[in-house]
Amino acid sequence: MNDAVVTYLVGGAVRDHVLGVNSRDRDYVVVGSTPERMISDGFSQVGISFPVFLHPETKDEYALARTERKNGVGYNGFETFFDPTVTIEDDLARRDLTINAMAMTEDGTIIDPYNGRADIKDGILRHTSDAFADDPLRVLRLARFAARYNFSVASSTLELAQKIVDDGELQTLPRERIWLELEKGFSETNPFLMLLVFHNTGALKTSPLDDYFRGSNIWKFAAMIQVADSIQVNVNRKAANMIMAMPFLGDLSDKELLDMRVPNSIRDVAHLTKKLSVLMMNKLTPSSVHEFLMSNRFIHNPLADLAKFIVEVEAKTMNLVEHWAKNDAIMSKAMTELKKLDMAAIAANGDK
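None of the values given here were measured: they were computed from a predicted structure. (Residues numbered from 1 in each chain as written. Predicted model: local features only at pLDDT ≥ 70, side-chain atom pairs only at ≥ 80, totals over all residues. Heavy atoms only, no water.)

Colleague: Please explain the overall build of the protein as it appears in this structure.
Modeller: The helix and strand inventory of the protein stands at 17 helices and 11 strands. Partitioning the intrachain contacts of the protein with sequence separation of at least 6 by distance along the chain shows that 65% fall at a separation of at least 24. Here the protein displays about 17,200 Å² of accessible surface, and carbon together with sulfur accounts for 50% of that area. (Helix = DSSP H or I, 4+ residues; strand = E, 2+ residues; numbered from the N terminus. Contact = heavy atoms within 4.5 Å. Areas by Shrake-Rupley, 256 points an atom, 1.4 Å probe, with all protein chains shown as cover.)

Colleague: Hey, could you run me through the sheet that holds strand β5 (residues 61-64) in this one?
Modeller: The sheet built from seven strands is open, its strands ordered β3-β4-β5-β2-β1-β8-β9 with mixed pairing. Each of the sheet's edge strands pairs with one partner strand only, and the pair in question is β3 (44-45) and β9 (110-111). Where strand β2 (residues 27-31) and β5 come together, four bridges link them in parallel fashion. Note that in β5 the partner of Val29 across the bridge is Ala63. In this fold helix α1 (residues 12-19) packs onto β1 (6-10), β8 (103-104) and β9, with an angle of close to 60° to the strand it touches most, β1. (Pairing = 2+ DSSP bridges. Axes fitted to C-alpha atoms, helices over the stretch in contact; angles between N-to-C directions.)

Colleague: I'm lost on the environment of Phe53 in this one. Help?
Modeller: Structurally, Phe53 can be placed in strand β4 (residues 52-54). On the basis of relative accessible area, Phe53 is assigned to the buried category, the value being 0%. C-alpha of Phe53 to C-alpha of Leu64: the two residues are 11 residues apart in sequence and 8.5 Å apart in space. Setting aside residues up to four positions removed in sequence, Phe53 forms contacts with Pro35, Met38, Ile39, Phe43, Ser44, Gln45, Val46, Asp60, Glu61, Tyr62 and Leu64. (Buried < 20%, exposed > 50% of the residue type's maximum accessible area, 1.4 Å probe, protein only.)

Colleague: Is there a simple way to explain the packing of helix α8 (residues 191-201) against helix α10 (residues 218-230) in this structure?
Modeller: Think of two packed helices as two axes; the pair is described by the angle between the axes and how far apart they sit. Contact geometry for α8 and α10: axes closest at 10 Å, N-to-C directions at 170°. Judged by the angle between their axes, α8 and α10 are roughly antiparallel. For the pair α8 and α10, the contacting residues are Pro191, Phe192, Leu195, Leu196 and His199 in the first and Ile218, Trp219, Phe221, Ala222 and Ile225 in the second. Taken together, the residues of the contact of α8 with α10 sort by class into nine nonpolar, one polar and no charged. (Parallel < 35°, antiparallel > 145°, perpendicular 65-115°, else oblique. Nonpolar A, V, L, I, M, F, W, Y, C, P; charged D, E, K, R; others polar.)

Now the structure itself:
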């Protein structure tokens, strides 16, 4: 490439660099170039809606600097504009959160027009611009980042997320993408915070997320997470977290779960967990439960191990949540008793 072209490392890699953690993301933005020039330099084009290119050796993704304008509904309703005059600041402006709107030059200089480093230091998730509300997927991403980093959400950002929910934009998201984001969120450090963001935006009571959670008690889920952490069993915790947070999956038909894009493995464990829960409520003995598993060919099966783990967690949690009231203040006190999270700080959702 000639001297007029500048390449920047962007997005997650720069965010993780500032956080001091290793990053799997290596995405680049190229300023001052054109598709023809990229191809002449050996890159292969893979983007359709806007030009994205693969490096001829590393296969990392390089995108031309671009801007976006909302011209429809949903997370695909955007018109993109790119040419050599688009600056790196223009490109960063279209990104969702300040912590993701940073770039780095080859010599390590960080371009940070929206104070992402300050928000990382303060532990805040804040939108880059009001265009945050143009993309409904950002509600799910906001919740997932809260779960990953234990960050609070700026009140102004929460208001924009609430607007997305109130406008019904979440209904435009494909079910495949919804499930993918939920699956990622339940893999994060603190999945309860994902549900807390959904709760605070009203998304848990709004289609389509209400199909997955159906009035689930997120405070009970918070307690179940703590109980599960105390049990030394080798099970798939991501799957366990999902079923503990979405117990109604066990009540749904295979067709409903298929429409929601719930994988067969989660479906099977959810249904088995539901059956085991009923058995335990009927105060059957451990030997009776064993006989049930034997008769259904689930004994010594990873699915059965996971279902038994969830039922055990649920039983132990019952003693912790009986006195909980239906308000955030009591929830905060209960969480403090669990000695895990400072919910007073996390639930504040205030701008600093």
